[in-house]
Each structure stands twice: as C-alpha cells, then as structure tokens.
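# Summary of the model geometry
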Amino acid sequence: MTGAGRGPGGPPGDPAHHGRERWPGIPRTRLDRSLRMQLGESASRKYAKAGLHTVRDLLEYYPRRMVDPGQLTDLSRLRLGQHVIIVVDILGLTAHPMRNRKGFVVSINVSDGNGMLEIVYFAPHANRVRYLERRLAPGRRIVADGVISARGGRLQLTHPEIDDVDEEMTDEELLERASRPKLRYRQARGLKSGTIEQTIRSILADLDDAELPDPVPLEVRLKHGHLTHAMALRAIHGPRDTHQYLAAIAALRFEEAFVLQAAMARRRHEASLEPATARPVRPGGILDVFDTRLPFTLTAGQLEVGAEIAQELGGTTPMHRLLQGEVGSGKTLVALRAMLQVVDNGGQAALLAPTEVLAAQHERSIRQLLGELGEAGMLGGATDATRVVLLTGSQSAAQRRKALLEAATGTAGIVIGTHALLQRHVTFHDLGLVVVDEQHRFGVEQRDALRAKAQTAPHLLVMTATPIPRTVAMTIFGDLEVSTLRQLPGRARRRHDPHRRERERAVDPADVGASGRGGGQGMPGLRRLPADLGHQRRGGLRRRGRHRR
C-alpha cells in the first residue's frame with residue numbers, strides 16, 4: 001500500500017523511487033504503459049472516453065457477456081428469428097439508393113454450398129458502400145453472425161457481424177474459428193466490441209505470463225482449483241469454449257475477493273498494533289445511573305452486544321465493530337451506552353451521521369434518553385452528568401463557535417454532527433469513541449479522518465440498518481467485527497418503577513418523539529423536566545414566533 005506522503009514507488013530512500021520521480025513518464029511495468037504510447041494518440045483518445053488509460057486498465061476491461069455459437073448453421077435449414085453463425089462464400093454485391101431517405105441498400109448474395117441467403121446492410125453514404133465493396137468482394141469467404149429476419153417473404157441476414165477468413169485456412173481451422181465463443185464488450189463512442197476484443201488479444205499475445213503477476217499465491221489457487229491470473233486473463237478475453245470462459249470468471253472473482261480481504265486483514269492487523277486508552281465500566285458512573293432509570297428492560301440481544309462492546313472498550317486495543325440491525329432494533333441505545341462508558345472515563349464520543357436531518361434526530365433522541373444526565377452545568381442537570389452538542393454546516397456562526405468550544409474543551413462528552421465534524425478546525429479534548437451511522441454512506445477515508453482527531457487510537461463503532469449478508473460483511477467490512485441485533489423490542493415491556501407515573505406527568509408532550517408513543521423502546525422520549533419548566537419553554541417559543549410575525 002502507498003504510505004502517507006509517499007509516491008507510488010515506495011520510501012523516499014529507495015533509488016527506484018528517485019528514478020521514477022526524475023523520469024515520471026517511464027512506466028513501472030509494461031502493464032502501466034499508457035495506451036497513448038501503446039496504441040497512438042488517436043486510438044487512445046477513444047479508449048480514454050471509456051475510462052481506460054493504461055494497458056492494465058484495458059486488460060481489466062472484461063467482456064460483459066459471451067455468446068456461445070454452438071454449431072454452424074446450414075443455410076438450407078434457416079428459421080425466422082434464429083441466431084446463426086454461418087461460413088459462406090460471397091457470390092455478388094449490389095447497391096441501390098433508398099427511396100424515402102438518404103443512403104443505400106447494399107445486398108450481398110452468399111452461399112454455403114447447400115443453400116443461398118441475402119445479407120443486407122444499410123449504408124448512410126457512398127463512402128460506406130465503397131468500404132463494403134472492398135471488404136466483401138465476390139469470391140471471398142466470410143463468417144457471418146446475426147439473427148435471421150424477413151423482407152418480402154424472403155429470409156435475410158441484416159447487419160451481421162463479419163469475420164474475414166484466411167484463404168489458406170483448412171476446414172478444421174475454419175470450423176474452430178467459427179465455433180469460438182463470441183465476446184461482447186461494453187462499447188464506447190467510436191469503439192466497437194470487435195475492435196476492443198482485437199486490441200486486447202493483440203496486447204495479450206505480446207505479453208509473457210511473467211509480465212502478468214498473480215496477486216494470489218499459487219498454493220491458494222491450486223487449493224481452490226482456480227486458474228492463475230495470466231491464464232484467467234487469456235481465457236476471459238479469448239475463451240475456447242463456455243467452460244473456459246466461466247472458469248476465468250470464477251478465478252477473477254475469487255482474486256478480487258482475496259485481494260480485498262487481504263487488504264482488510266492487513267488493515268485490521270495494523271489497527272491492532274495501535275495503542276488505545278482503556279475505557280472500562282466505572283461503577284456508579286453515568287452509565288449505571290442511566291441503566292437504572294430506563295423505564296424498560298433491554299433485550300437479550302442488546303445485553304449481549306452491549307457486553308461485547310463494554311469488554312472491548314475496556315481493553316488497550318482499539319475496538320473496530322460493525323453493529324447492524326433493523327430500524328427500531330435499538331442500535332442507538334446500544335451506541336449511547338457505549339458513549340456513556342467512554343464519558344465515565346473522562347473521554348468523549350463523536351457520532352457521525354450522513355445528513356443534517358439524521359444528525360438532528362440523533363441529538364433529540366439522545367437528549368430525551370439522557371434527560372438530566374445530558375444537562376451538565378445546566379439548571380436541573382444531574383450532579384454527575386455530561387453534555388450533548390450538535391455540529392452541522394447549516395448552523396449560525398455563534399452556534400458553531402459554541403459547539404466547537406465545548407468539543408475542544410471537553411465540556412461536551414457527546415458530539416453529534418455531519419461531515420462538518422471532519423473539518424480540520426474541529427478538535428476534541430479527548431476523543432475516545434467514534435460512532436458512524438449508516439456506514440455505507442461514508443468511505444473508509446472519511447471515518448479515518450475523524451479517528452485521526454484523537455490523541456490515541458479511538459474505539460470505532462459503525463452502525464447500519466441495511467441487512468448485510470455474512471459473505472459481504474466479511475469482504476467489504478473485513479476490518480470490523482460484526483454484531484447483529486436480531487430481536488425487536490416488544491411493546492409495553494416496562495419494568496416496575498414506583499416513580500414512573502410521576503415522571504411521565506412531568507414530561508413535556510412537545511418533547512416526546514414519535515417513536516416514544518405507544519410504549520416502543522427505540523426512543524422513549526421520557527425527558528425528566530419539571531412540568532412548569534417545560535411549559536415555560538413552549539410558551540417562550542410561541543411568543544417569539546408571534547413577535548416575528
């Protein structure tokens with residue numbers, strides 16, 4: 001992998017590195033040779049439109065499908081709509097102008113010795129007619145590939161793909177060529193599938209297997225029965241039959257997954273070598289108080305996953321965990337308990353959300369869950385409490401300055417925000433846990449940018465509501481341990497609390513989230529505020545609104 005601040009060639013002390021810096025136009029291998037140098041300026045511009053710039057890019061431009069020709073078709077047994085591949089001799093060619101629009105109809109009469117057929121092309125101008133006359137001169141033998149259509153009650157082949165046949169080819173060689181699978185590449189402007197196929201085959205013919213290094217060890221290939229990298233490349237771009245084509249696809253798919261998993265394993269290993277600050281459970285801390293005040297019992301899944309996270313947070317190796325579960329399974333509650341464990345140890349937690357709407361929802365629900373435990377230094381706040389702060393791009397300058405100050409000084413134990421958290425001027429006093437919501441909306445570099453704001457490697461918890469199959473999770477999220485919440489909290493599963501009714505009467509109805517209605521557990525909305533304080537806040541908002549109007 002390329003290290004930070006290094007060029008593509010390796011460490012600055014490497015002589016080869018300096019050579020490449022001095023001569024940046026010299027490719028490292030023939031695979032890194034530019035298509036402009038390989039094919040010329042005109043042809044390379046066409047490939048560049050398809051995003052292909054080097055020989056490696058072109059060799060990894062795989063066909064999107066393959067057509068198995070089966071056996072050659074006898075002209076005496078043709079059917080309407082039939083896909084055919086025929087080897088025929090050209091008997092004659094005629095061209096005449098079209099009646100109702102510009103262009104010409106070019107008719108080529110062909111025969112295979114058993115029957116005759118008309119091949120038809122529509123030429124937009126005279127130059128195209130002259131090209132067809134040169135290429136399809138009477139007496140030549142061709143291989144035509146197309147679908148049988150009809151006009152005026154007569155069968156014909158319209159705009160088939162044509163391969164020229166070498167006159168010195170034997171019947172066996174001709175049969176082998178005609179029976180070869182037909183590849184279809186995704187075409188770009190000015191590039192036809194046949195042109196791409198011929199270019200790739202020409203380049204592969206000029207390369208030795210040693211110039212096509214295999215990223216997968218040979219013993220691994222043999223263990224799983226896959227083709228080598230060089231064999232797979234040659235097979236997918238020039239298969240002898242369907243079996244070889246499918247074997248090449250399987251080998252290249254395995255290679256892609258293997259390389260990605262190896263990179264993830266290396267990433268996990270490197271992360272395990274970084275020291276992290278242990279954040280063990282502190283008896284009598286905010287987390288313990290929070291748990292005792294919950295008006296419901298945690299599900300077995302929440303308890304199990306919570307125990308795994310608590311144990312990892314208490315270690316000196318950074319936690320890297322993916323938490324997945326359906327909407328309403330209680331992922332936010334599990335993440336909040338992890339945040340409070342970090343806060344109990346003097347650290348901070350940052351929650352990164354993909355949108356401002358989602359970030360604001362998280363801030364409201366966490367404030368409601370914490371109640372007075374999230375109002376440190378405020379009127380009505382608990383003695384042992386923390387503070388929750390929101391940081392987004394749409395905030396006013398005063399709001400942003402206040403949020404940045406509380407994050408930098410450590411006043412806010414929980415900082416919630418969007419991509420604004422990734423900006424350089426955002427700092428933390430002691431970032432101990434990074435929580436990323438909707439992980440698939442962020443890249444690895446974005447979450448690492450937030451982790452880099454910590455003094456020591458912070459713990460990482462990423463959440464997603466998108467069901468991820470185990471094989472995909474192992475591949476894409478190979479650097480993360482995976483936990484899944486499979487149980488949805490039941491309705492009205494409240495534990496006995498003699499003071500519950502008194503607190504519920506004190507809840508400001510405007511502060512109860514939608515998910516808090518009906519006894520659901522996701523966001524209970526039980527904000528522990530005196531009734532008069534809640535009404536004062538609502539009244540203040542109404543008065544300000546009338547004043548503006």
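Let me begin by describing the structure that accompanies this report.

### Focus: the nonpolar core
One finds F290, M339, I366, L370, I414 and L433 to be the most contacted residues of the largest nonpolar core, which totals 41 residues. Ranked by residues supplied to this core, first place goes to helix α13 (residues 331-344) with nine residues.

### A word on the packing of helix α7 (residues 193-205) against helix α9 (residues 229-237)
At a closest axis distance of 10 Å, the pairing of α7 and α9 adopts a crossing angle of 150°. Comparing the axis directions of α7 and α9 gives the class roughly antiparallel. Handedness of the crossing formed by α7 with α9: left-handed. Along the contact surface, α7 presents E197, I200, R201, L204 and A205, while α9 presents L233, R234 and H237.

### Focus: the layout of surface pockets
The probe, sized like a water molecule, is rolled over the atoms to show the empty space still left. Each pocket or cavity is described by its volume, and for the second largest pocket that value is around 810 Å³. Residue lining of the second largest pocket: 26 residues in total, with R135, E161, I162, D163 and G194 positioned closest to the centre. Residue classes in the lining of the second largest pocket are distributed as eight nonpolar, six polar and 12 charged.

### Digging into the pairing of strand β12 (residues 414-417)
Of the two faces of β12, the one carrying I414 and I416 and the one carrying V415 and G417 are both buried. With four bridges connecting them, strand β10 (residues 348-352) and β12 associate as parallel partners. Bridging across to β12, A350 finds its partner in V415. Note that strand β11 (residues 388-391) and β12 share four bridges and pair parallel. Across the sheet, the residue bridging to L391 is G417, located in β12. Read as a crossover between parallel neighbours, the route from β11 over helix α15 (residues 397-409) to β12 is right-handed.

### Considerations on α15
The terminal C-alpha atoms of α15 lie 18 Å apart, and with 13 residues this matches the ideal 18 Å at 1.5 Å per residue to within 8%. Within the span of α15, buried status applies to R400, A403, L404, E406 and A407. Relative to the axis of α15, the buried residues are bounded by an arc of 165° and lie together on one face. Turned more than 90 degrees away from the buried face of α15, the exposed residues are R401, K402 and L405. The inward-facing, buried residues of α15 abut β10, β11 and β12.

### Let's talk about the environment of G381
Among the structural elements, G381 can be located in the loop between α14 (356-370) and β11. For the pair G381 and G371, spaced 10 residues apart in the sequence, the C-alpha separation amounts to 8.2 Å. Other than its neighbours up to four places away in sequence, G381 contacts E372 and E375.

### Some thoughts on α14
Quick reminder: α-helices carry 3.6 residues per turn. Residues three or four places apart thus point the same way. With 15 residues, α14 extends 21 Å between its outermost C-alpha atoms, agreeing within 8% with the 21 Å of an ideal straight helix rising 1.5 Å per residue. Looking at α14, one finds that the buried residues are L358, A359, A360, H362, E363, S365, I366, Q368, L369 and L370. Taken together, the buried residues of α14 touch α11 (286-293), α13, β10, β11, β12 and β13 (431-437). Two residues or fewer after α14 comes G371, characterised by a positive phi angle close to 60°.

### Regarding the packing of aromatic side chains
Each aromatic ring pair is described using two quantities: the centre-to-centre distance and the angle formed by the ring planes. One pass over the structure, following the stated rule, counts two aromatic pairs. Their ring planes at 10° and their centres at 6.5 Å tell us that Y61 and Y185 sit as a pair that is stacked. One end of the pair, Y61, is in the loop between α4 (55-59) and β1 (65-67); the other, Y185, is in the loop between β8 (182-184) and α7, and 124 residues separate them in sequence. Pair check on accessibility: Y61 and Y185 agree, each one buried. Ring plane angle 25° and centroid distance 6.2 Å describe the contact between F254 and F258, whose orientation is recorded as stacked. Of this pair, F254 and F258 both sit in helix α10 (residues 242-272), separated by four residues, roughly a single helical turn. Accessibility expressed as a relative area gives 25% for F258, which makes it partly exposed.

Cut-offs applied
- Here the residue numbering is sequential within each chain, running from 1 through the sequence in written order.
- With the structure being a predicted model, the display of local features is reserved for residues of pLDDT at least 70 and the display and counting of side-chain atom pairs for 80 or more, all residues being used for whole-chain, interface and lining totals.
- Only hydrogens and water are set aside when side-chain values are computed; all heavy atoms of the structure are taken into account.
- What is meant by a nonpolar core is a set of buried Ala, Val, Leu, Ile, Met, Phe, Trp, Tyr and Cys residues, joined one to another through side-chain atoms within 4.5 Å.
- A simple rule labels every residue: compare its accessible area, found with a 1.4 Å probe on the protein chains alone, to the largest value its type can have, and call it buried under 20%, exposed over 50%, or partly exposed in between.
- What counts as a helix is a DSSP run of H or I of at least four residues, what counts as a strand is a run of E of at least two, and both are numbered from the N terminus.
- For helices, the axis comes from a line fit to the C-alpha atoms of the stretch in contact; other axes are also lines fit to C-alpha atoms, and the angle between any two N-to-C directions lies between 0 and 180 degrees.
- For classification purposes, angles smaller than 35 degrees are called roughly parallel, those larger than 145 roughly antiparallel, those between 65 and 115 roughly perpendicular, and all remaining angles oblique.
- Whether a crossing is left-handed or right-handed is set by the direction in which the near helix is turned from the far one by less than a right angle, anticlockwise for left-handed and clockwise for right-handed.
- Should any heavy atoms of two residues lie within 4.5 Å, those residues are considered in contact.
- Here a cavity denotes grid points, spaced 1 Å and computed from the protein atoms alone, that fit a 1.4 Å probe unable to get out, and a pocket denotes an open set having protein on both sides within 12 Å along at least 5 of 7 lines; residues with an atom within 4 Å of a point are the lining.
- Grid points are joined across faces, edges and corners, and a volume is the space filled by probe spheres set on the points.
- Charged residues are taken to be Asp, Glu, Lys and Arg, nonpolar residues to be Ala, Val, Leu, Ile, Met, Phe, Trp, Tyr, Cys and Pro, and polar residues to be all remaining types, Gly included.
- What makes two strands pair is DSSP finding at least two bridges between them.
- Throughout, right-handed denotes a crossover for which the path from the first strand over the helix to the second runs clockwise when the strands point away from the viewer.
- What a helix should span is 1.5 Å times the count of its residues minus one.
- The arc in question is the one spanned by the directions pointing from the helix axis to the C-beta atoms.
- Pairing of aromatic rings covers Phe, Tyr and the six-membered ring of Trp, with a centre-to-centre limit of 6.5 Å; geometry is then stacked below 30 degrees between planes, edge-to-face above 60, and tilted otherwise.

Bear in mind that shape data such as this cannot, by itself, settle questions of function.
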